[in-house]
Amino acid sequence: MVRNTTHSYGVITILIHWVSALAVIGLFAVGFWMVELTYYSDWYKTAPHLHKSFGVLLLMLTLFRLIWRQLNPKPAGEPGHKAWEKRAGKLAHSAIYLLLLVIMFSGYLISTADGRGIWVFEWFEVPGFGSFIDEQADIAGLVHQYAAYSLLGLAAIHALGALKHHFIDRDSTLVRMVKVRRG
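Residues numbered from 1 in each chain as written. Predicted model: local features only at pLDDT ≥ 70, side-chain atom pairs only at ≥ 80, totals over all residues. Heavy atoms only, no water.

Novice: Provide a residue-level description of the overall build of the chain, including the pertinent values.
Specialist: In terms of regular secondary structure, the chain is built from five helices and two strands. In sequence order, the secondary structure elements of the chain are arranged as α-α-α-β-β-α-α. Put simply, 69% of the contacts in the chain that link residues at least 6 apart link residues at least 24 apart. For the chain, the exposed surface amounts to about 11900 Å²; the carbon and sulfur share of it is 69%. Considering the chain, the positive charge centre built from 17 side chains and the negative charge centre built from 12 side chains are found 19 Å apart. (Helix = DSSP H or I, 4+ residues; strand = E, 2+ residues; numbered from the N terminus. Contact = heavy atoms within 4.5 Å. Areas by Shrake-Rupley, 256 points an atom, 1.4 Å probe, with all protein chains shown as cover. Lys, Arg positive; Asp, Glu negative; His and termini not counted. Charge placed at Lys NZ, Arg CZ, Asp CG, Glu CD.)

Novice: Describe in detail the side chain of N4, supporting the description with residues and values.
Specialist: Its place among the elements puts N4 in the segment before α1 (11–34). A distance of 2.8 Å separates polar atoms of two side chains, one belonging to N4 and the other to T13. Aside from chain neighbours lying at most four places away, what touches N4 is Y9, G10, T13, W68, N72, P73 and P75. (Polar contact = N/O pair within 3.5 Å; in protein donor to acceptor, adjacent residues only side chain to side chain.)

Novice: With reference to specific residues and values, describe the pattern of salt bridges.
Specialist: Considering all chains together, one arrives at three salt bridges under this definition. Across the salt bridge formed by R116 and D114, the nearest N and O atoms sit 2.6 Å from each other. The exposed category is assigned to R116, whose relative accessible area is 60%. Classification of D114 as partly exposed rests on a relative accessible area of 45%. Taking the shortest distance from any N to any O, the salt bridge between D169 and K164 comes out at 2.6 Å. Here the salt bridges share partners, and the residues they tie into one network are E85, K164 and D169. (Salt bridge = Lys/Arg side-chain N within 4 Å of Asp/Glu carboxyl O. Buried < 20%, exposed > 50% of the residue type's maximum accessible area, 1.4 Å probe, protein only.)

Novice: Kindly report on a nonpolar patch on the surface, identifying the contributing residues and their values.
Specialist: A grouping of L98, V102, F129, F132, I133, I139 and V143 is seen on the molecular surface, where their side chains present a nonpolar patch of about 680 Å² in accessible area. Breaking the nonpolar patch down by element, the ones donating at least two residues are α3 (83–112) and α4 (136–167). Summarising the element assignment, I139 is placed in helix α4. The class of I139 is partly exposed, set by a relative accessible area of 42%. (Patch = residues over 30% accessible without salt bridge, like charges linked within 9 Å, V, L, I, M, F, W, Y side chains within 5 Å.)

Purely geometric numbers; function is a separate question.
Structure, rendered in structure tokens:
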């Protein structure tokens, strides 16, 4: 089943979820590592290029994901979920999307503050518009860093919540994001 139903997630939603999760973890790890590189490192130019390229692809996937969410039904929640869990889940998902967009927008502001665009794997260039404010790269860099830490912390809470539903509540919350059901 490709699309969501009112009972389960489709393969597209599941793939987007897990590809996004792996990309966020990978981009965080590379970002954390690359800020310590020196000019003499073999990775000094390569790591930022890869980080930016994968970041732009994640932005495209995130925008597609937001559109896909609007075009597909959301499976109904588990009947045993408490009202506060439903509210917390909605709030967490909204915060995850907001943080993703803040991270990607601030990354764009860092990368294009000098007026140059962002080349994505030498396939295409995202144009740069230069600096809009004084010290744009530094300010956007701080926003980028703290939003990334916040996203990783929220993702950890999200994962712990899914494990709680699976192992303690013994409901299908986690299974629905891992396994495609037929019909």
